[in-house]
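Chain by chain, the residues:
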Amino acid sequence: MNTTALVFPDLAVDAPVPAPGPIRFGSEAHKVLFCRTLLDTFDPYKPAVIDWPKLDKDAQDRITALPIWDIAVQTENRAGLNVCTYAEEIADPLLKKAVELNGFEERRHRHVLSNLVEAYGIKLAPEPVYERPRDPEWAFMVTGYSECIDSFFAFGLFETAKQSGFFPAELVDTFEPVVHEEGRHILFFVNWVAWHRRNMPLWRRPWFELKVLAVWAFLIWERIGIAGDVSNGQQDNNFTVNGAQQLGNDINVKKLMGICLAENDRRLGVYDKRLKRPRFVPFMIRQIRRVIPN
Ligand SMILES: [Fe+2]
Ligand SMILES: [Fe+2]
């Protein structure tokens, strides 16, 4: 278990938020806007003081039986390492600060989950050894794009669990900051990609675009692998297929996709309109939703 104490980052910056009016992706104003959006919306909660609500037996059994805890803990640990390692190599002070905050929040998610696991007596599988990534940019992109996929579905599943009462209201409140933070992370990440690709030497750009494609190929391959493992009784993060039936009674895939889309719009709609939004996953889901029956 990761017991490293969390030290709150210093968030003071002297870059003023860009004045109203259009901004160009890749510009200094764009960088200040997406970095400050992350920094200014920081929520200084402390996982150690979260009071885990006492659940009735049914609710506790439902929560502990969810097949997501191993993968969730491992994902947060890996995300913390990937993001913090990438932050180390950033020269720009504002961007560095924002990526460091992103890494801090991933590590805090890990603490929240550790405490939840302890509070409800969830048994975790032994964790793998987390190797420091050899290519920090690749690792940051793997974490960023995988959050773009997972958060989209997590938004909808969280809402479904809330509506169906699967998650007791007290637990919804406890988890809301984590889900909220993942929304901020994917917003930050897609803007970083847009800014980063416009600020690298021209010769690097084709290589970077290939890297983006390779990350997507890797993530799709990884998810197919995880789905294939379900029959072996392993825990998985294929939330849409396996989580949905458990979270709500009358939920079908089409309805769930609709909730994911609506929640995605709601959660990301509150930020500065000039920022780029994650588009690929919502676009694909919209297309799929059109052709599947009710
Ligand atoms: Fe996280
Ligand atoms: Fe995240």
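See the structure shown above.
Residues numbered from 1 in each chain as written. Chains lettered and ligands numbered in written order. Predicted model: local features only at pLDDT ≥ 70, side-chain atom pairs only at ≥ 80, totals over all residues. Heavy atoms only, no water.

Notes on the overall build of the protein
Rule in force here: Here a strand is any run of E in DSSP of at least two residues, a helix any run of H or I of at least four, and the numbering for each starts at the N terminus. C-alpha atoms define the radius of gyration in this analysis, and the globule rule sets the expected value at 2.2 Å times the number of residues to the power 0.38. Accessible area is worked out with a 1.4 Å probe on protein chains only. A residue is then buried under 20% of its type maximum, exposed over 50%, and partly exposed in between. Two residue types count as positive, namely Lys and Arg, and two as negative, namely Asp and Glu; His and chain ends fall outside the count. To locate a charge, take atom NZ for lysine, CZ for arginine, CG for aspartate or CD for glutamate.
Within the protein, the regular secondary structure consists of 10 helices and 0 strands. Counting helices and strands in the order they occur from the N terminus, the protein gives α-α-α-α-α-α-α-α-α-α. Here the protein has a C-alpha radius of gyration of 19 Å; the compact-globule value for 294 residues is 19 Å, and the two agree. Taking the principal axes of the C-alpha coordinates as reference, the protein spans close to 55 × 50 × 40 Å. Residues classed as buried in the protein amount to 53% of the 294 residues present. Once the 36 positive and 38 negative side-chain charges of the protein are each reduced to a mean point, those two points are 6 Å apart.

Overview of the coordination of the iron ion (ligand 2)
Test applied: Shown as donors are all N, O and S atoms within 2.8 Å of a metal ion, widened to 3.2 Å for Na, K and Ca; because water is not in the atom set, sites may appear incomplete.
The coordination sphere of the iron ion (ligand 2) contains the protein donors E106 (OE), E147 (OE), E147 (OE), E182 (OE) and H185 (ND1), at a distance range of 2.0 to 2.5 Å. Spacing between the donor residues of the iron ion (ligand 2) along the chain follows E-x40-E-x34-E-x2-H. The distance between the iron ion (ligand 2) and the iron ion (ligand 1) is 3.5 Å, with E106 acting as a donor to both metals. Remark: H185 occurs in helix α6 (residues 169-198) and E106 occurs in helix α4 (residues 93-119); sequence separation between them is 79 residues. Neither E106 nor H185 differs from the other in exposure class; each is buried.

Brief notes about helix α1 (residues 28-40)
The test is simple: In this scheme, a helix's expected span is set at 1.5 Å multiplied by one less than its residue total. The contact rule is simple, with two residues in contact once any of their heavy atoms fall within 4.5 Å.
Between its terminal C-alpha atoms α1 stretches 17 Å, which fits the 18 Å expected from 13 residues at 1.5 Å a residue. For α1, the buried fraction is high: 10 of the 13 residues fall into the buried class. Turning to α1, its buried residues number three or more, namely H30, K31, V32, L33, F34, C35, R36, T37, L38 and L39. Taken together, the buried residues of α1 touch α4 and α6.

Some thoughts on the coordination of the iron ion (ligand 1)
Protein coordination at the iron ion (ligand 1) comes from E76 (OE), E76 (OE), E106 (OE), H109 (ND1) and E182 (OE), with a distance range of 2.0 to 2.7 Å. If you list the donors of the iron ion (ligand 1) from N- to C-terminus, the spacing comes out as E-x29-E-x2-H-x72-E.

Observations concerning the environment of D56
Quick reminder of the rule: Whenever two N or O atoms come within 3.5 Å, that pair is a polar contact, provided that in protein one can donate a hydrogen and the other can accept it, and provided that, for residues adjacent in sequence, both atoms are side-chain atoms.
Mapping D56 onto the fold places it in the loop between α1 and α2 (57-65). Expressed as a C-alpha distance, the spacing of D56 and R197, which sit 141 residues apart in the sequence, is 51 Å. Polar contacts involving the side chain of D56 include one to the main-chain amide nitrogen of A59, which spans 2.8 Å.

Here's the deal with the side chain of S27
By the secondary structure assignment, S27 is in the segment before α1. Among the polar contacts made by the side chain of S27, one reaches the main-chain carbonyl oxygen of R24 at a distance of 2.6 Å. At a separation of 3.1 Å, a polar atom in the side chain of S27 contacts the main-chain amide nitrogen of H30.

Describing the environment of L219
Inspection of the secondary structure puts L219 in helix α7 (residues 205-228). Spatially, the C-alpha atoms of L219 and I149 are 9.2 Å apart, while their sequence positions differ by 70 residues. Apart from residues lying up to four places away in sequence, L219 is in contact with V142, Y145, S146 and I149.

Side note on the packing of aromatic side chains
This is how it is decided: Stacked, edge-to-face and tilted are the three classes for Phe, Tyr and Trp ring pairs, Trp counted by its six-membered ring, which pair at centre distances within 6.5 Å; planes under 30 degrees apart are stacked, over 60 edge-to-face, the rest tilted. Two limits define a charge over a ring: the Lys NZ or Arg CZ must be within 6 Å of the ring centre, and within 35 degrees of the ring normal.
On inspection of all chains with the given rule, the structure shows 21 aromatic pairs. On the basis of an interplanar angle of 25° and a centroid distance of 6.4 Å, the ring pair of W69 and F175 is categorised as stacked. Taken as a pair, W69 in helix α3 (residues 69-88) and F175 in helix α6 lie far apart in primary sequence, 106 residues in all. Aromatic pair Y86 and F140: ring centres 4.8 Å apart, planes at 15°, arrangement stacked. A residue pair is termed long-range when its members are at least 10 positions apart, and Y86 in helix α3 and F140 in helix α5 (residues 136-164) qualify at 54 residues. Pair check on accessibility: Y86 and F140 agree, each one buried. An aromatic cluster is defined as three or more aromatic residues linked by ring pairs; in this entry it consists of Y86, F140, Y145, F189, W192, W216 and F280. In this structure, K46 packs its charged tip against the face of F8, placed 5.9 Å from the ring centre. Against the face of F166 rests R62, its NZ or CZ located 5.2 Å from the ring centre.

Points about α4
With 27 residues, α4 extends 39 Å from end C-alpha to end C-alpha; this agrees with the ideal 39 Å at 1.5 Å per step. Counting buried residues along α4, 20 of its 27 residues qualify, which places the element largely inside the surrounding structure. Measuring from the side-chain oxygen of the N-cap residue of α4 to the backbone nitrogen of L94 gives 3.2 Å; that N-cap residue is D92. Immediately beyond the C-terminal end of α4, within one or two residues, lies G121, with a positive phi of roughly 65°.

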